[in-house]
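Residue strings, one per chain:
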Amino acid sequence: QETLMGKYGEDTKLIYELQDQGGELLALRYDLTVPFARYLAMNKVNNMKRYHVAKVYRRDNPATTRGRYREFYQCDFDIAGQFDPMIPDAECLKIVHEILSDLQLGDFVVKVNDRRILNGVFDVCGVPESKFIAACSTVDKLDKVPWEEVRSEMVGEKGLSPEAADRIGEYVQLHGGLDLIEQLLQDPKLSQNKLAKEGLGDMKLLFEYLTLFGITGKISFDLSLARGLDYYTGVIFEAVLLQQENEHVEELVGVGSVAGGGRYDGLVGMFDPKGRKVPCVGVSIGIERIFSILEQRLKASGEKLRTTETQVLVATPQKDLLAARLKLISELWDAGIKAEMLYKKDPKLLKQLQYCEDTGIPLAAIVGEQELADGVVKLRDVSTREEVRM
């Protein structure tokens, strides 16, 4: 359990804790990032580039229609190691861009920010350092609720002064590209702040690399992006799918985050007995969220989704031919052909062909008494109903 505690900030309450197992306090993993950092530390790995697809667990309120579950898959990609600034970071964004483009999920935007810029903003707005993390998790809600609500939470629950909250508001509602980075580098207050200046310098570099990758059209430098997790130290990003509300309005609205990530340079050091640090940057794709969007689209379009890869159904037209089906299907399986049959001793031919239509199996291999006598198989194309003897 201690592997997970203290890494997620506010979200720690969503960790699935298990009952005391004879003196061991255990918990289910909340993401794949913390286990990856633990792996690097324990195996003294200094650089690694890897992907990992696996289940994680969150004690969240599920909303299955929107693809929010308590047990779900994440697909992570991480680059660990000491490299020059923003080169691996740019590659992570390139990968997110590539995945979301290839899946043809429609329009999307990848919001990018940097924890150092955010902390610099809090600093120049007069937020005490002890309240940075609390302020961060409140700003993180800006994509779901209007600024007024975020402001009242900052002042009411997080104990920030109304003046500080208003000053933060002037910054966190900004978004843009290189032009905004230049503008903030000239900002009289931010340019005096060491953290913000570092973050903005790196952000400028990042956008130069993203321009070379040709993907800046989908990337937005967005000061409201905070990401709720504690372990981020630098660049942070989140990909949001956009969709038109209805036909008449061109307004694009976000349907929720489908990928997120960032730089977490301090995490490996938390697990290393000597505190040896390994800088890391990574991205996580929410596959379940993407599936639920694809499923809704299919439903809306009325298209049928094929849920099996089966190439051929082995069928029999008369009774007492189970042996013939088992022999033939065994031969097909041995030859690497994806074959299925109905698990019934004497199924009706119509039922077998109907099963092919329902599941989209393209071919039926039919062996009846006549075929067995002639030493042939009748191959039927399910959609055209043509048959050939082989």
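Residues numbered from 1 in each chain as written. Predicted model: local features only at pLDDT ≥ 70, side-chain atom pairs only at ≥ 80, totals over all residues. Heavy atoms only, no water.

Please clarify how the sheet that holds strand β13 (residues 387–389) should be interpreted in this entry.
In a beta sheet, neighbouring strands pair by backbone hydrogen bonds and run either parallel or antiparallel. On the basis of which strands lie adjacent, the open sheet formed by 5 strands has the order β10-β9-β11-β12-β13 and mixed pairing. Among the strands making up the open sheet, the edge pair consists of β10 (339–340) and β13. One ladder, built from 4 bridges, connects strand β9 (residues 312–315) with strand β11 (residues 363–366); its direction is parallel. Directly across from L313, in β11, lies its bridge partner A364. Where helix α11 (residues 322–334) meets the sheet, it contacts β9, β10 and β11, and its direction lies at approximately 155° from that of β9. (Pairing = 2+ DSSP bridges. Helix = DSSP H or I, 4+ residues; strand = E, 2+ residues; numbered from the N terminus. Contact = heavy atoms within 4.5 Å. Axes fitted to C-alpha atoms, helices over the stretch in contact; angles between N-to-C directions.)

How should unusual backbone geometry be read in this particular structure?
For residues that are not glycine, phi is negative in most cases, and the peptide bond is trans in most cases. At Q104, a position not held by glycine, the phi torsion is positive, near 50°. Summarising the element assignment, Q104 is placed in the loop between α2 (87–102) and β3 (108–114). Among the residues examined, Q104 registers a relative accessible area of 66% and is labelled exposed. Look at D320: it is not a glycine, yet its phi comes out positive at around 60°. In this fold, D320 is placed in the loop between β9 and α11. Classification of D320 by relative accessible area gives exposed; the value is 66%. (Buried < 20%, exposed > 50% of the residue type's maximum accessible area, 1.4 Å probe, protein only.)

Explanation requested: the environment of I117 in the structure shown.
In this structure, I117 sits in helix α3 (residues 115–124). Its relative accessible area of 0% is what places I117 among the buried residues. As a C-alpha pair, I117 and G201 span 84 residues in sequence and 9.9 Å in three-dimensional space. Beyond its immediate stretch of four places on either side in the chain, I117 contacts A196, G199, L200, M203, F221 and L223.

Which parts of the structure should I look at to understand a positive patch on the surface?
Together, K319, K344, K345, K348 and K351 make up a positively charged patch on the protein surface. A relative accessible area of 57% places K345 in the exposed class. (Patch = residues over 30% accessible without salt bridge, like charges linked within 9 Å, V, L, I, M, F, W, Y side chains within 5 Å. Areas by Shrake-Rupley, 256 points an atom, 1.4 Å probe, with all protein chains shown as cover. Salt bridge = Lys/Arg side-chain N within 4 Å of Asp/Glu carboxyl O. Lys, Arg positive; Asp, Glu negative; His and termini not counted. Charge placed at Lys NZ, Arg CZ, Asp CG, Glu CD.)

Please explain a nonpolar patch on the surface as it appears in this structure.
Together, Y51, V53 and Y73 make up a nonpolar patch on the protein surface, roughly 350 Å² of accessible area in all. Considering the arrangement of structural elements, one finds Y73 in strand β2 (residues 71–80).

I keep staring at the environment of L212 and nothing clicks. Help me out?
You can see L212 is positioned in helix α8 (residues 194–212). Owing to a relative accessible area of 74%, L212 belongs among the exposed residues under this scheme. Along the primary structure L212 and A90 are separated by 122 residues, whereas in three dimensions their C-alpha atoms are 9.9 Å apart.

What am I meant to see in the pattern of salt bridges here?
Two side chains with opposite charge may pair up if their charged atoms get near one another. This model, assessed by the stated rule, comprises 23 salt bridges. Between D166 and R151 there is a salt bridge, with the nearest N and O atoms lying 2.6 Å from each other. Taken as a pair, D166 in helix α6 (residues 162–172) and R151 in helix α5 (residues 147–156) lie far apart in primary sequence, 15 residues in all. Looking at D166, the relative accessible area reads 37%, which means it is partly exposed. The exposure class of R151 is partly exposed, given its relative accessible area of 26%. Note that E309 is salt-bridged to K338, the shortest N-O span being 2.7 Å.

How should the nonpolar core be read in this particular structure?
Across soluble globular proteins, nonpolar side chains have a tendency to be buried as a group. Ranked by size, the top nonpolar core spans 61 residues in total, and within it V110, V112, F122, I168, M203, L206 and F221 carry the most contacts. Counting 23 residues, the second-largest nonpolar core is a separate cluster that includes L4, F36, Y264 and V278. (Core = buried A, V, L, I, M, F, W, Y, C linked by side-chain atoms within 4.5 Å.)

How should I be thinking about the packing of aromatic side chains in this particular structure?
Aromatic ring pairs: the centre-centre distance and the angle between the two ring planes describe each pair. One pass over the structure, following the stated rule, counts 5 aromatic pairs. Ring centres 5.9 Å apart and planes at 65° place the aromatic pair Y8 and Y231 in the edge-to-face group. On the criterion of sequence distance, the pair formed by Y8 in the segment before α1 (33–42) and Y231 in the loop between β5 (219–222) and β6 (235–244) is long-range, its members being 223 residues apart. According to the relative accessible area criterion, Y8 is buried, its value standing at 0%. On the basis of relative accessible area, Y231 is assigned to the buried category, the value being 7%. (Phe/Tyr/Trp six-rings, centres within 6.5 Å; stacked < 30°, edge-to-face > 60°.)

Is there a simple way to think about the UniProt feature "binding site: L-histidine" (unreviewed entry) in the chain in this case?
Taking the numbering used here, the UniProt-annotated feature "binding site: L-histidine" (unreviewed entry) corresponds to D31, L32, T33, R58, Q74, D78, R227, Y231 and Y232. Mapped onto the elements of the fold, D78 is located in strand β2. Overall, D78 belongs to the buried group, its relative accessible area being 1%. Among all residues touching D78, those that are not within four sequence positions of it are F36, M48, K49, R50, Y264, V281, G282 and V283. Here R50 takes part through its side chain, which lies 2.6 Å from a polar atom of the side chain of D78. With near-sequence residues (within four places) excluded, Y231 lies in contact with K7, Y8, D31, T33, V34, R263, Y264 and L267. (UniProt positions renumbered as here; feature names shortened; annotations may be inferred. Polar contact = N/O pair within 3.5 Å; in protein donor to acceptor, adjacent residues only side chain to side chain.)

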